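Close look at the chain arrangement
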Amino acid sequence: MMTTDKVAVRLQEITVRFASYTALENVSLQVAEGEFVAIVGPTGCGKSTLLSVVAGLLEPSAGQVQLFGQPMNGLDLAAGYIFQQDALLPWKTALDNVAIGLVFRGTPTSEAREQAQVWLQKVGLKGFERYYPHQLSGGMKKRVGLAQILILNPRILLMDEPFSALDLQTRDLMENELLRLWQEDRKSVLFVTHDIEEAIALADRVVVMSAGPATRPIGEFAIPLSRPRDVAEIRLTESFLDLHRQIWNILREEVRASHAR
Amino acid sequence: MPGNRSVRIYQIGIFIVAMLAWEGLVRARLLDVFFFSKPSSIGQRVMEWVLQGEIYWHLSITLTETLLAFVIGTLLGIGVGLWLALAPTALKVLEPYIKAFNAIPRVVLAPIFTLWFGLGMMSKVALGVTLVFFLAFFNTYQGVREVNPVVLANARMLGASRMNLLRHVYLPSTAGWIISSLRAAIGFAMIGAVVGEYIGAAAGLGYLIAQAEGVFDTTGVFAGMTILVFFVLILDSAVSLIERRVLVWRPQASA
């Protein structure tokens, strides 16, 4: 379901090469404002590379990136990037980790801390202000990471398999948490995952990528499931299973191809 | 695993046994007192020095030299380490020079520094700095190289400027490396001071030890060494204190 709303991200024929290896080839993709798009593909297919391009962390070898109608220029500070690995500053407390982005952007520290307090509460970590990352569980660290990004009010969220390192229960919890926070102001989201279930449960639209090298989109599915959703329950519905079958049909060959390599 | 208390008991036990053995061997004439002195005389000499008060003058000279060499060498090392780690071209240009200077045995510099800077404190501080600098430099450099790239990318995406990165990412990330270098640096600074005094000086513990050696006063030599060791241990625990304050964010190794 391509919405006719304003476009948040427009990728035009993006190609990324590392030396002799072509990671992405001719990838075109759009994300509308307020749209939640999930990208699924076999592991190592260059999904994260795609996200780095949108964030401006990596310059494409060819092609154009437009954000909110503007051509990309350096790092994209309107985007919030949630990394797969732990990205918190280990030497700062939970509170200071959440506040740091505002401080980087010129807000006085005391004011940034006040706002950070509110955000920690929003992600359910009231009382953990003075904890250092190593004292928090995996799920808690992800919550701090979310607050660290969301406090900056990014126009688009780029998420790189953010929950893949969590155990299943924590993962369901975090996915619901993400949906709840997203529902509040519906930012655009580009969510990369290798997990079809996660993609369907969260997104408005799922884009399937081919196995690498020279990854490109090979399928696209609108997810018409109603919101608000509960990720654990929605998995059991008939329409969910139907979508799962359709996507898996396309992805199966790619997963085989990526394992055969 | 034994508790802290029994560790302490073992430590003291080893000391007492070693001292008794030394004293016993000398008294039994198995070791010549002229070459080896003996713990009781050494202790007595240390007490004399401490009570007479002459030692404090020498000690203050050596400690001042040590601290100056430590502070100057460390700051220079950290500064240059940060700079070269973040400026790859400058590093490539300077690399052979750094390696060459580091390869010079510092002891041979001592007489030259005495010629250049005279018999006073300056020559000892200079010697200490050449030792401490490379230690701080290599550790800082390594620390910056090992900054977690994900944390760095995250900070950049959060909007950090170059100064922000230096202050909030590079420096704290390097702090562990720098602090572990401080420990060794204190020892090196002391070596610089004492070796410098040993080669040519008018005061300081190294001078005192050299004087004692000149008249075959082994008791004086060992007494000087005892006082040196004592103060290195004090400085070392000062570094531990700093370490605990700066690295509060680190997971404690489970004891």
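Residues numbered from 1 in each chain as written. Chains lettered and ligands numbered in written order. Predicted model: local features only at pLDDT ≥ 70, side-chain atom pairs only at ≥ 80, totals over all residues.

On to the overall build of chain B, then. Within chain B, the secondary structure is distributed over eleven helices and zero strands. Along the chain direction, N to C, the helices and strands of chain B fall in the order α-α-α-α-α-α-α-α-α-α-α. Put simply, 74% of the contacts in chain B that link residues at least 6 apart link residues at least 24 apart. (Helix = DSSP H or I, 4+ residues; strand = E, 2+ residues; numbered from the N terminus. Contact = placed C-beta atoms within 7 Å.)

Further remarks concern the overall build of chain A. Of regular secondary structure, chain A possesses eight helices and ten strands. Whereas a compact globule of 261 residues would reach a radius of gyration of roughly 18 Å, chain A reaches 18 Å, a difference of no more than 12%. Viewed in the frame of its principal axes, chain A has a C-alpha envelope of about 50 × 45 × 40 Å. Looking at chain A as a whole, 46% of its 261 residues qualify as buried. (Rg over C-alpha atoms; globule rule 2.2 N^0.38 Å. Buried ≥ 20, exposed ≤ 12 C-beta atoms within 10 Å, placed from the backbone.)

Attention shifts here to the pairing of strand 1 (residues 7–18) of chain A. Across a regular strand the side chains alternate sides, sitting on one face of the sheet and then on the other. Residue and element names in this part refer to chain A. One ladder, built from eight bridges, connects strand 1 with strand 2 (residues 21–32); its direction is antiparallel. For V9, the partnering residue across the bridge sits in strand 2 and is V31. Joining the antiparallel neighbours strand 1 and strand 2 is a turn of two residues, in which A19 adopts a positive phi near 50 degrees. As judged from the five bridges shared by strand 1 and strand 4 (residues 62–67), these two strands associate in the antiparallel manner. (Pairing = 2+ DSSP bridges.)

What follows covers the sheet that holds strand 1 of chain A. Residues and elements named next belong to chain A. Taken together, the four strands give an open sheet; going across it, the order is 2-1-4-5, and neighbouring strands pair in antiparallel fashion. Strand pairing shows two members of the sheet lacking a second neighbour, strand 2 and strand 5 (70–71), which therefore form its edges. In this sheet, strand 5 lies alongside strand 4 in antiparallel orientation, the contact comprising two bridges. Paired with Q66 across the two strands is P71, which belongs to strand 5.

Let us now look at the interface of chain A and chain B. Contacts between chain A and chain B engage 17 residues on the former and 16 residues on the latter. For the side of chain A that touches chain B, the class distribution of residues is 13 nonpolar, three polar and one charged. (Nonpolar A, V, L, I, M, F, W, Y, C, P; charged D, E, K, R; others polar.)

Residues and elements named next belong to chain B. By the burial criterion, the buried members of helix 10 (residues 205–214) are L205, G206, Y207, L208 and I209. For helix 10, the elements touching its buried residues are helix 4 (54–86), helix 9 (162–199) and helix 11 (218–246). Of the residues one or two after helix 10, F216 is the one with positive phi, at around 55 degrees.

With that out of the way, let us pick up the domain arrangement of chain A. A common way to report how large an interface is uses the accessible area buried once the components associate. Residues and elements named next belong to chain A. Assigned domains within chain A: domain 1 (1–78 + 165–261) and domain 2 (89–153). Put simply, the middle of domain 1 and the middle of domain 2, counted by C-alpha atoms, are 26 Å apart. Considered class by class, the residues forming the side of domain 1 that touches domain 2 number five nonpolar, one polar and one charged. (Domains from an automatic or database assignment.)

This part is about unusual backbone geometry. Residues R227(A) and P228(A) are joined by a peptide bond in cis, for which omega reads -5 degrees. Tracing the backbone through its elements, the reader meets P228(A) in the loop between strand 10 (217–222) and helix 7 (231–234). In the Ramachandran plot, F68(A) falls in the positive-phi region, its phi being about 50 degrees despite a non-glycine side chain. Following the sequence through the fold, F68(A) ends up in the loop between strand 4 and strand 5. You will see that F216(B), though not glycine, has its phi angle at about 55 degrees, which is positive. Mapping F216(B) onto the fold places it in the loop between helix 10 and helix 11. Assessed through the 10 C-beta atoms surrounding it within 10 Å, F216(B) is described here as exposed.

Our next topic: the packing of helix 3 (residues 39–52) of chain B against helix 11 of chain B. Residue and element names in this part refer to chain B. Close contact between helix 3 and helix 11 brings their axes to 9 Å; oriented N to C, the two are set at 65 degrees. By the angle class used here, helix 3 and helix 11 are roughly perpendicular. As for the relative orientation of helix 3 and helix 11, their crossing is right-handed in sense. In this structure, helix 3 contributes S41, I42, R45, V46 and W49 to the contact, and helix 11 contributes T219, G220, F222, A223, T226 and I227. Of the residues that constitute the contact of helix 3 with helix 11, the class distribution is six nonpolar, four polar and one charged. (Axes fitted to C-alpha atoms, helices over the stretch in contact; angles between N-to-C directions. Parallel < 35°, antiparallel > 145°, perpendicular 65-115°, else oblique. Left-handed = near helix turned anticlockwise from the far one by under 90°.)

Here we come to the sheet that holds strand 8 (residues 188–193) of chain A. Residue and element names in this part refer to chain A. Taking strand neighbours across the sheet as the criterion, the six strands line up as 6-7-8-3-9-10 in an open arrangement whose pairing is mixed. At either end of the open sheet lies a strand with only one pairing partner, and these are strand 6 (79–82) and strand 10. Adjacent strand axes in the sheet meet at a mean angle of 15 degrees, parallel and antiparallel pairs treated alike. Two strands pair when backbone bridges link them, and strand 7 (residues 156–160) and strand 8 are joined in this way by five bridges, in the parallel orientation. Pairing of D160 across the sheet is with V192, part of strand 8. Across the face of the sheet, helix 4 (residues 138–150) comes into contact with strand 6 and strand 7 while running at roughly 170 degrees to strand 6.

Okay, the packing of helix 7 (residues 121–145) of chain B against helix 9 of chain B next. Residue and element names in this part refer to chain B. The interhelical angle for the contact between helix 7 and helix 9, taken along N-to-C directions, is 160 degrees, at an axis separation of 7 Å. By the criterion of interaxial angle, the relationship of helix 7 to helix 9 is roughly antiparallel. The crossing of helix 7 and helix 9 is right-handed.

Take the environment of P105(B) next. On the secondary structure map, P105(B) appears in the loop between helix 5 (88–103) and helix 6 (109–117). Through-space distance from the C-alpha of P105(B) to that of I191(B) is 13 Å; in sequence the pair is 86 residues apart.

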